[in-house]
Amino acid sequence: MKTTHKRLLVLFMLVSLLLSSLSTALADDDDWYTYTYSYWGEEMASPNAYAVTNDIYLQDIDPELGSLSNASGMFCIDNHTFVCDTNNNRIIEYIREDGKYKVVRAIYTFNVSKAIAEDMKFNGVVDNTMFSPTDIFVKKMTKEERLKLYGDKYLGEPYDFGSEPLPQPTEAPVDNTEEPKEDAEGGSDEGATTTSDADGEDGETGETGETGETGETGETGETGETGEQQAAPVAPTERKDNIIRIDMDCDYEIFVADSQHNRVVHCDYDFNVVSVIKDPKDETLTDKYIFIPIKIVNDNAHRTYVQAQGVVNGLMEFSKDGTFTAYVGAAKVVVGFFQKLWRKLQTRAQRKRGEQYVPTEYNNLSLDSRGFIYATISALDDQDIYAGTATPIRKLNSMGSDILIRNGSHFPMGDISWGNIQSTASGASKFIDVIAFDNDTYCCLDKTRGKIFAYDFQGNMLYAFGSIGYSKGRFNRVTAMDNLDEETILVLDGQRGSITEFTMTEYGKMINEALLLYKQGYYDQSAEVWKRILQYNGNFELAYVGIGRALLRKGEYKEAMKYFENAHDSENYSKAFRHYREQVVEKYIVYFIVGLAILIIIPKIVRKIRKLRKEIREA
Amino acid sequence: MRKILSGIAQFFKGDGWSNYRKTLRYALYVILHPFDGFWDLTHEKRGSMAAAHTIVILTVLTHLWDRRFTSFMLNNTQWSKFSIVMNTLGILVPLVIWVVANWCVTTLFDGKGRMREIYMGTAYALTPYPLIGLPMIVISNMVTKEEGVFYTYFNVFALIWAGFLILCAVLMIHDYSLLGGILAVIFSIVGMAVIMFIVLLFFSLISDAVMYVVSIYKEIVFRL
């Protein structure tokens, strides 16, 4: 009897153990669009912070202009949107009027004055076309200011092209990344790893297609990248006239990264060339170096920052007159001990063939309203991103140091759980563009999964949305993003040739309002807004912290502790607890002392009485 | 039933209860005088299995209470993923494997201890954990995050103390020299790894076999 019991028990245990290993992970159907991450790194559904309000295809609004081809750069200012139609070698300007988008013009050529013609020479010919423009930067500047800053050379007599032919391109566009520069030996402890045959990180620069290595992507594990080759860009063969649909007059200053013409062209709103930035001269640059500007910004001091292909020392800074002045914000990454050791053991030939420890290239940059540069890096190691040693997003001050605040429960790195969101993509998010809003929140665009991640000024994630797909609000291959105003985001899809307009919902506006109130010091009002947000989204930990902080200031420590606990904010919980403990101690200190006194006094009295009794008895 | 009841009655009527109390109190002597204590524990029969079980149960309870009642600031428990069973097994399974592995190793290397003595010694060596851990749970609810380092220090201290006691237990129970004892501990840990590996291998093979049968069954059911 007893043995059968035992046997049954053992059998039961065996079966339950087996069953526990049998249960395979069931695919969950949590196909939400907007979400946040909890303290534990789990995705939590969130109400939509942005909603798609427009899906703009060039061929729909202006059939004559055809569609965008591998558009890779975009800039919004006021109601204007400039798009670099990279493979079509043109720039399209849109304007938004009453929620509708119209084409203002399509720019194929710059207007060149005689005085400036010499600077516009490419391969010995004055070339006023653009070849593979990858980025455009626009800022406000009146004509008077421009004349004061840059002189009136550009307004002179226009250059007569006559029948001067364009240089006919015979070979594919140049590519710096074929031969990465050997890092200076002295700085060997800086740099992440890039394999020596790493291509220029993505197809937007158009280097695919001409070498045999296009099949293998430089970075491993990038499933989103494969099978996504574009045709190599073709140089313009004629000087096409610009097409102007709406004649406008704006006080703008335009910078175009004319990448395959190896120059940044600076012009006024009518595309009259004011100056040209090209041929940077510096001892770190070899003679063979060819300047290929990819992304540009121009700050309030009229310095131009260029992210150039194959340049690993950071962003290139150019002064107002177009001379190269410095590198800014070189990525310093520590090489691990074993990597160093391994390198020591290798032969010279192996070392040359193997990985090189060079700082990683930036891939995009954008300027916030106070002149700080937000820059993104995508060629990073997944593990480094996860450990926080690699920073996919940086905020650079003028010294080039990273001043981004990372106080959230997770580093600003996009997706935190990588595998289960979408089966088509794996690995860390790869940021390729960033927008900084006036309230110091910022959005990052993730190429891996076609997502947009929003962070507040403390580095807390506010929400993420978007995905790979074909329906509205999903993307094929995002390339750029910019904000039309504080509540409208435009996202450019290079493969589909579309611009998707997102407009902030009530929910998103509430978050911004709460953040703003908090920043201005109106803690109570901010808590009220956070409470409203919680009604929409009970998962939102930041809201609990916001309310907790207001309660903490009001002196309701116990309540505050409850909110901080909900948000797993142990720092603030500790602050609240310190005050709460004070309160409790103050309240009960009297009882405590009385109790202690009684404990001390009573035995003494008892002893005394006993002694007395004893004496009486003995007496 | 009657037998059990009378057994319990006997336990309290005779010197069972006082013996139990005495052996349990002996744990306090052991942790302060480990060499002496562990020698007498088995050789002089001053310990009992009942007391050993009590200490193990207290250890498990301390661990569970630690997870549950330690102040939020010092307690990083994800409740949605917390399982009492897993946490209990998390202590009991390594304990059992340790005892088995240590027995296997010491049997080969001339150890004097029997399995129940190894178990008893190990259990007595765990005493510092509940002894320090339980007050620390209470104290953790009275400190802020900065003061919480003391909580961590004391708990780490308890673990180091327990580890040292386990080593002493191995030395005394098996009558080893210091070097031999350390070697025995190391080999026991290796043995634990081997046992776990074999168990995992066994279960994964069995589950594969079962899966095979299940899938065949399913296939047949679908075809019919």
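Everything numeric in this text was worked out from a predicted model, so none of it was measured.

Next up on the list: the overall build of chain B. Regarding its fold elements, chain B presents 9 helices and 0 strands. From first element to last, N terminus to C terminus, chain B shows the α and β order α-α-α-α-α-α-α-α-α. Over its C-alpha trace chain B gives a radius of gyration of 22 Å, far above what one expects of a compact globule, namely 17 Å for 224 residues. For chain B, the spread of C-alpha atoms along the three principal axes comes to 70 × 50 × 50 Å. Here chain B holds 224 residues, and 40% of them are scored as buried. Here the contacts in chain B between residues at least 6 apart in sequence split such that 76% fall between residues at least 24 apart. For chain B, the exposed surface amounts to about 13500 Å²; the carbon and sulfur share of it is 73%. Separation between the mean location of the 17 positive side-chain charges and that of the 12 negative ones in chain B comes to 11 Å.

Our next topic: the overall build of chain A. Looking only at helices and strands, one finds 12 helices and 32 strands in chain A. The buried share of chain A, reckoned over its 619 residues, is 52%. If you take every contact in chain A between residues at least 6 apart in sequence, the share linking residues at least 24 apart comes to 58%.

Another aspect to go through is the sheet that holds strand S16 (residues 293–298) of chain A. Residues and elements named next belong to chain A. One open sheet holds the 4 strands; their spatial order is S16-S17-S18-S19, and the pairing between them is antiparallel. Where the open sheet ends on each side, the last strands, each with one partner, are S16 and strand S19 (324–328). The sheet shows a mean angle of 25 degrees between the axes of neighbouring strands, direction not considered. Sheet topology note: the S16/strand S17 (residues 304–308) ladder contains 5 bridges and is antiparallel. Residue pairing in the sheet places Lys295 in a bridge with Gln307 of S17.

As a further point, take helix H7 (residues 128–140) of chain B. Residues and elements named next belong to chain B. A rise of 1.5 Å per residue sets the reference length of H7, with its 13 residues, at 18 Å; its end C-alpha atoms lie 17 Å apart and thus fit the reference within 8%. Among all positions of H7, only Pro128, Tyr129, Pro130, Ile132, Gly133, Met136, Ile137 and Ser140 are buried. Where H7 is buried, its residues contact helix H2 (16–32), helix H4 (49–69), helix H6 (115–125) and helix H8 (149–174).

Its identity is not glycine, yet His568(A) carries a phi of approximately 60 degrees, on the positive side. Looking at where His568(A) falls in the secondary structure, it is placed in the loop between helix H11 (557–566) and helix H12 (570–618). You can call His568(A) partly exposed: its relative accessible area is 22%. Notably, Asp175(B) is not glycine yet its phi reads approximately 60 degrees, a positive angle.

Attention shifts here to the side chain of Asp440(A). Its place among the elements puts Asp440(A) in the loop between strand S24 (431–436) and strand S25 (442–446). In contact with Asp440(A), not counting residues within four places along its chain, are Asp368(A), Arg370(A), Tyr374(A), Lys395(A), Asp456(A), Phe457(A) and Lys519(A).

Residue and element names in this part refer to chain A. Strand order in this open sheet of 4 strands is S3-S32-S31-S30, and the pairing throughout is antiparallel. The open sheet has two free edges, formed respectively by strand S3 (50–57) and strand S30 (478–485), since each of these has just one partner strand. This sheet shows a mean twist of 25 degrees between the axes of neighbouring strands, independent of strand direction. The pairing of strand S31 (residues 488–493) with strand S32 (residues 498–504) spans 6 bridges and is classified as antiparallel. By the bridge assignment for S32, Asp493 is matched with Ser498.

What follows is about the packing of H6(B) against H8(B). Residue and element names in this part refer to chain B. The interhelical angle for the contact between H6 and H8, taken along N-to-C directions, is 150 degrees, at an axis separation of 8 Å. On the basis of their axis angle, the class for H6 and H8 is roughly antiparallel. In the crossing of H6 with H8, the sense of the turn from one axis to the other is right-handed. Side by side, H6 and H8 meet where Glu117, Ile118, Gly121, Thr122 and Ala125 of the first sit next to Ala162, Leu165, Ile166, Ala169, Ile173 and His174 of the second. Partitioning the contact of H6 with H8 into residue classes produces 7 nonpolar, 3 polar and 1 charged.

Here we come to the pairing of S24(A). In terms of residue burial, S24(A) counts as a mostly covered element, since 6 of its 6 residues are buried. Here S24(A) folds back onto S25(A) in antiparallel fashion, the turn holding 5 residues, of which Asp440(A) has a positive phi close to 70 degrees.

Residues and elements named next belong to chain B. The contact between helix H5 (residues 84–108) and helix H9 (residues 178–223) brings their axes to 8 Å, and the two run at 120 degrees. Between H5 and H9, the interaxial angle falls into the category oblique. You can see that H5 and H9 cross each other, and the crossing is right-handed. In this structure, H5 uses Pro94, Ile97, Trp98, Val100, Ala101, Asn102 and Val105 to contact H9, whose residues at the interface are Ala184, Val185, Phe187, Ser188, Gly191, Met192, Ile195 and Met196. In terms of residue class, the contact of H5 with H9 is built from 12 nonpolar, 3 polar and no charged.

So, about the interface of chain B and chain A. With 20 residues of chain B at the contact, the number on the chain A side is 19 residues. Here chain B packs against chain A, burying approximately 1700 Å² in sum over the two surfaces, 64% of which is carbon and sulfur. For chain B, the biggest contributors to the area lost against chain A are Phe72(B), Gln78(B) and Phe203(B); these three give 34% of the whole. Across the contact surface, chain B and chain A share 4 salt bridges. In this structure, Glu571(A) and Lys145(B) form a salt bridge, with 3.4 Å as the shortest nitrogen-oxygen distance.

One pass over the full model with this rule turns up 30 aromatic pairs over all chains. Feature note: the residues Tyr33(A), Tyr50(A), Tyr463(A), Phe465(A), Phe475(A) and Phe502(A) constitute an aromatic cluster, connected by ring pairs. Looking at Arg46(B), its charged tip hangs above the ring of Tyr29(B), at a distance of 5.9 Å from the centre.

In this section: the domain arrangement of chain A. All names here are of chain A. One can read the domain layout of chain A as domain 1 (44–504) and domain 2 (505–619). Across the boundary between the two partners, domain 1 contributes 21 residues, which contact 14 residues of domain 2. At the boundary of domain 1 with domain 2, the tally comes to 1 salt bridge. With its nearest N and O atoms 2.9 Å apart, the salt bridge here joins Lys519 to Asp440. Here domain 1 and domain 2 share 6 residue pairs in polar contact (both at pLDDT 80 or more) between them. Contributions of two or more residues to the side of domain 1 that touches domain 2 are made by strand S2 (43–45), S3, strand S27 (461–465) and S32. For the side of domain 1 that touches domain 2, the leading source of residues is S27, giving 3 residues. Residues belonging to the side of domain 1 that touches domain 2 are distributed by class as follows: 11 nonpolar, 6 polar and 4 charged.

With that out of the way, let us pick up a positive patch on the surface. All names here are of chain A. Among the surface-exposed residues, Lys340, Lys344, Arg348, Arg351 and Lys352 lie close enough to one another that they form a single positively charged patch. When contributions to the positive patch are tallied by element, the ones reaching two or more residues are helix H5 (337–345) and helix H6 (348–353). Top contributing element to the positive patch by residue count: H6, with 3 residues. Here Lys352 lies in helix H6. Assessed through its relative accessible area of 63%, Lys352 is described here as exposed.

Residues and elements named next belong to chain A. Locating Asp62 in the fold gives a position in the loop between helix H2 (58–61) and strand S4 (73–77). Judged by relative accessible area, which is 9%, Asp62 ranks as buried. A distance of 2.5 Å separates the side chain of Asp62 from the side chain of Arg245, its partner in a polar contact. Each residue touching Asp62, except ones within four places of it in the same chain, is listed here: Val103 and Arg245.

Moving on to the environment of Gln383(A). For Gln383(A), the position within the fold is in helix H7 (residues 382–387). C-alpha separation for the pair Gln383(A) and Gly427(A), spaced 44 residues apart in sequence, amounts to 9.3 Å.

About the cut-offs
- Residues numbered from 1 in each chain as written.
- Chains lettered and ligands numbered in written order.
- Predicted model: local features only at pLDDT ≥ 70, side-chain atom pairs only at ≥ 80, totals over all residues.
- Heavy atoms only, no water.
- Helix = DSSP H or I, 4+ residues; strand = E, 2+ residues; numbered from the N terminus.
- Rg over C-alpha atoms; globule rule 2.2 N^0.38 Å.
- Buried < 20%, exposed > 50% of the residue type's maximum accessible area, 1.4 Å probe, protein only.
- Contact = heavy atoms within 4.5 Å.
- Areas by Shrake-Rupley, 256 points an atom, 1.4 Å probe, with all protein chains shown as cover.
- Lys, Arg positive; Asp, Glu negative; His and termini not counted.
- Charge placed at Lys NZ, Arg CZ, Asp CG, Glu CD.
- Pairing = 2+ DSSP bridges.
- Axes fitted to C-alpha atoms, helices over the stretch in contact; angles between N-to-C directions.
- Expected span 1.5 Å × (residues − 1).
- Parallel < 35°, antiparallel > 145°, perpendicular 65-115°, else oblique.
- Left-handed = near helix turned anticlockwise from the far one by under 90°.
- Nonpolar A, V, L, I, M, F, W, Y, C, P; charged D, E, K, R; others polar.
- Buried area = accessible area lost by both parts, 1.4 Å probe.
- Salt bridge = Lys/Arg side-chain N within 4 Å of Asp/Glu carboxyl O.
- Phe/Tyr/Trp six-rings, centres within 6.5 Å; stacked < 30°, edge-to-face > 60°.
- Lys NZ or Arg CZ within 6 Å of the ring centre and 35° of its normal.
- Domains from an automatic or database assignment.
- Polar contact = N/O pair within 3.5 Å; in protein donor to acceptor, adjacent residues only side chain to side chain.
- Patch = residues over 30% accessible without salt bridge, like charges linked within 9 Å, V, L, I, M, F, W, Y side chains within 5 Å.

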